[in-house]
Amino acid sequence: MAQNKVYAFLGPHCAGKSTMVAQLMSMGIHYVPALTTKVFEERYAYKRKLFRTVSKDDYAAEKLIINNNYQGSNFGFRKDDILDSYKQHKVTIMIMMDIDGIRNVAKFINQDLVTIFLMINDEAFVERLLRLGCSNEEINYYMEYAENNKEFEKWKSADYVVKNTASPRTALEQILAIMGLMTLVPQNDFTKLTK
């Protein structure tokens, strides 16, 4: 019998983590949201559904197995949130802000934790920031932050890398294949589809 799996998405700012997770959630895949102290600006309002914003005091009171500081805000996960999801769902997804948090999750579900790094190039990075309405100053900040924190190099520690520079659909199909959620078409059907 197949084991339950937890898929953790990693990648730099604007790599498409939220987009991919929102698509997977719309397909009925279970998601574990991170707790955060970040209050999302209006242009990032879609992320409010993916993260649970709490006060700094409430965040400090939580017993978290992952606690990352990312761009001045805290992001973390409760052990029970992850383990309960892992036990109750065949497939669980989550967004990790840093590869270091993976080690803490791996202590509990090592062989059933799969990391997927969404990779983008500089051109896609800048284009997405412009689409969000970022100023040149903000774009420079995000670029410097990513470079100083080696965000584009963290793919080396992931189980899988998905290049997310083309259409989101292409990246989503690759992710579904990694998760084993796509099936092969029998050869006769494939031949009919390609003629």
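In case you missed it, the structure is sitting above this.
Quick caveat: nothing in here was measured; it's all calculated off a predicted structure. (Residues numbered from 1 in each chain as written. Predicted model: local features only at pLDDT ≥ 70, side-chain atom pairs only at ≥ 80, totals over all residues. Heavy atoms only, no water.)

This next bit is on helix H7 (residues 168–178). Every buried residue of H7 is accounted for by Ala171, Leu172, Ile175, Leu176 and Ile178. Viewed along the axis of H7, the buried residues span an arc of 155°, placing them on a single side of the element. (Buried < 20%, exposed > 50% of the residue type's maximum accessible area, 1.4 Å probe, protein only. Helix = DSSP H or I, 4+ residues; strand = E, 2+ residues; numbered from the N terminus. Arc of directions from axis to C-beta.)

Attention shifts here to the packing of helix H3 (residues 79–88) against helix H4 (residues 100–109). Viewed as axis vectors pointing N to C, H3 and H4 meet at an angle of 45°, and their least axial separation amounts to 11 Å. Compared by their axis directions, H3 and H4 come out oblique. Between H3 and H4 the crossing geometry is right-handed. Across the interface between the two elements, Lys79, Ile82, Leu83 and Tyr86 of H3 pack against Val105, Phe108 and Ile109 of H4. (Axes fitted to C-alpha atoms, helices over the stretch in contact; angles between N-to-C directions. Parallel < 35°, antiparallel > 145°, perpendicular 65-115°, else oblique. Left-handed = near helix turned anticlockwise from the far one by under 90°. Contact = heavy atoms within 4.5 Å.)

What follows is about the pattern of salt bridges. In this structure the tally under the stated criterion is nine salt bridges. In this structure, glutamate 42 and arginine 48 form a salt bridge, with 3.6 Å as the shortest nitrogen-oxygen distance. According to the relative accessible area criterion, glutamate 42 is exposed, its value standing at 61%. The residue aspartate 81 makes a salt bridge to arginine 52 at a minimum N-O spacing of 3.1 Å. Linking aspartate 81 in helix H3 with arginine 52 in strand S4 (residues 51–53), this pair joins segments that are 29 residues apart in sequence. Note on arginine 52: relative accessible area 33%, which makes it partly exposed. Several salt bridges share partner residues, and in doing so they unite Arg52, Glu62, Arg78 and Asp81 into one network. (Salt bridge = Lys/Arg side-chain N within 4 Å of Asp/Glu carboxyl O.)

For the rest of this paragraph, the subject is the packing of helix H1 (residues 17–26) against H7. Two quantities define a packed helix pair, namely the angle between the helix axes and the distance between the axes. Packing of H1 against H7 leaves a shortest axis separation of 10 Å and a crossing angle of 65°. Relative to H7, H1 is oriented so that their crossing is right-handed. Contacts from Met20, Gln23 and Leu24 of H1 reach H7 at Pro168, Ala171, Leu172, Ile175 and Leu176.

The next point concerns the state of the cysteines. For the structure shown, the criterion picks out zero disulfides. Left unpaired, cysteine 14 is separated from the closest cysteine sulfur, that of cysteine 134, by 6.6 Å. Taking relative accessible area as the criterion, cysteine 14 reaches 15% and is therefore assigned buried. Of the residues examined, cysteine 134 reaches a relative accessible area of 6% and is grouped as buried. (Disulfide = S-S within 2.5 Å.)

This next bit is on the sheet that holds strand S2 (residues 30–31). Across the sheet, five strands lie side by side as S2-S7-S1-S8-S9; this open sheet has parallel pairing. Edge strands, defined here as strands with exactly one partner in the open sheet, are S2 and strand S9 (160–163). Examined bridge by bridge, strand S8 (residues 113–119) and S9 share four bridges and lie parallel to one another. Following the sheet pairing, leucine 118 is matched in S9 by valine 162. (Pairing = 2+ DSSP bridges.)

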